[in-house]
Amino acid sequence: LTKLFNPKVIAIVGASAKKGIGGYSVMKNIVASGFDGIVYPINPTRTNVLGVKAYSSLEDVPDKIDLAIIVTPARTVPEIVESCGIVGVASVLLISAGFAEAGEEGKKLMKQIAETIRRYKIRLLGPNCLGFIKPSIKLNASFANKMALPGKIAFISQSGALCTAILDWSIKQNVGFSHFVSIGSMMDIGFHDLIDYFGSDPLTNSIVIYMESLSNARSFMSAARAFARAKPIIV
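Residues numbered from 1 in each chain as written. Predicted model: local features only at pLDDT ≥ 70, side-chain atom pairs only at ≥ 80, totals over all residues. Heavy atoms only, no water.

With twelve residues, helix α2 (residues 22-33) extends 16 Å between its outermost C-alpha atoms, agreeing within 8% with the 16 Å of an ideal straight helix rising 1.5 Å per residue. Along α2, the residues classified as buried are Gly 23, Tyr 24, Val 26, Met 27, Asn 29, Ile 30 and Ser 33. Elements that come into contact with the buried residues of α2 comprise β1 (9-13), β2 (38-42), β3 (48-49), β4 (52-53), β5 (67-70) and β9 (139-142). In the segment just after α2, Gly 34 is the residue with positive phi, at about 85 degrees. (Helix = DSSP H or I, 4+ residues; strand = E, 2+ residues; numbered from the N terminus. Expected span 1.5 Å × (residues − 1). Buried < 20%, exposed > 50% of the residue type's maximum accessible area, 1.4 Å probe, protein only. Contact = heavy atoms within 4.5 Å.)

What follows is the structure, given as structure tokens:
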């Protein structure tokens, strides 16, 4: 998950200059947070987004992309993920909704995407999530309108609404985070993957999880046992 949480080059597919939509919020947050890497807005109808040169497709981006953030309607996502595989994108943050929670059609789309990421060995966070924030590299890759404070807690939540509530609370209470992650529908990356990653992460001293459901209990327990002695895990 290193490329996901430490990207040098980010592409935002669906980046927009139109206020009130996800592609605008994510683009604005990344630009405003002071992220030190390179950001490529992908939008076939614009030459720039918020003053940053835009590209019409992932294939047109001149750099190797570490993280592609997808904020487009669900039906467009399988084709975009296929493009990610073709150009060698390492990881995907899929913020878009409209998959398993949207009935049979959504489940079909999810199956397609799952097959594509397996074929190209891409790691995917989401779908249907708020995104993530990593304060130490000044990266707000989410549509939460506030930046988390830096600290030593890794926070993982299945609820986007709870993420925003905790974020508001943490700023008032001066509580900081190493990572602040909305995990969404867990098509690929699950709790156990994040525990493994944060368990070995020198910036993280403890892990706090808001969990609504657990489909892979054995992997979760195995990951939690491996790290709970060194780092408290609170669920």
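Resuming the write-up.
The strand order across the open sheet built from six strands is β9-β8-β11-β10-β12-β13, with neighbouring strands paired in mixed fashion. Looking at strand neighbours, the two that pair on one side only are β9 and β13 (233-234), the edges of this open sheet. As judged from the two bridges shared by strand β8 (residues 131-134) and strand β11 (residues 176-182), these two strands associate in the antiparallel manner. Bridge pairing links Ile 133 to Phe 180 in β11. Taken strand by strand, helix α5 (residues 160-173) contacts β8, β10 (149-157), β11 and β12 (206-210), and its axis lies near 165 degrees from that of β11. (Pairing = 2+ DSSP bridges. Axes fitted to C-alpha atoms, helices over the stretch in contact; angles between N-to-C directions.)

The next point concerns the pattern of salt bridges. Enumeration over the complete set of coordinates arrives at eight salt bridges. Note that Lys 107 and Glu 104 form a salt bridge whose closest N and O atoms lie 3.8 Å from each other. Of this pair, Lys 107 and Glu 104 both sit in helix α4 (residues 104-120), three residues apart, which is roughly one turn of the helix. Residue Glu 104 is classed as exposed on the basis of its relative accessible area of 57%. For the salt bridge of Arg 123 with Asp 188, the shortest nitrogen-to-oxygen distance reads 2.9 Å. In this pair, Arg 123 is assigned in strand β7 (residues 123-125) and Asp 188 in the loop between β11 and α6 (191-199), connecting sequence segments 65 residues apart. (Salt bridge = Lys/Arg side-chain N within 4 Å of Asp/Glu carboxyl O.)

On to the packing of aromatic side chains, then. The tally for this structure, following the rule as stated, stands at nine aromatic pairs. Summarising the aromatic geometry, the rings of Phe 5 and Phe 132 are spaced 5.0 Å apart at their centres and angled 75 degrees between planes, so their arrangement reads as edge-to-face. Of this pair, Phe 5 sits in helix α1 (residues 2-5) while Phe 132 is found in strand β8, placing the two residues 127 residues apart along the sequence. Summarising the aromatic geometry, the rings of Phe 155 and Phe 177 are spaced 6.1 Å apart at their centres and angled 55 degrees between planes, so their arrangement reads as tilted. Residue Phe 155 is found in strand β10, and its partner Phe 177 is found in strand β11; the two are separated by 22 residues along the sequence. (Phe/Tyr/Trp six-rings, centres within 6.5 Å; stacked < 30°, edge-to-face > 60°.)

This part covers the packing of α6 against helix α7 (residues 217-228). Following both chains from N to C, one finds α6 and α7 inclined at 15 degrees, their axes separated by 8 Å at the closest point. Here α7 runs roughly parallel to α6, going by the angle between their axes. In the packing of α6 onto α7, the handedness of the crossing is left-handed. When α6 is examined against α7, the residues Phe 191, His 192, Ile 195, Asp 196 and Gly 199 are found in contact with a partner set consisting of Ser 219, Phe 220, Ala 223, Ala 224 and Phe 227. For the contact of α6 with α7, the per-class residue count stands at six nonpolar, three polar and one charged. (Parallel < 35°, antiparallel > 145°, perpendicular 65-115°, else oblique. Left-handed = near helix turned anticlockwise from the far one by under 90°. Nonpolar A, V, L, I, M, F, W, Y, C, P; charged D, E, K, R; others polar.)

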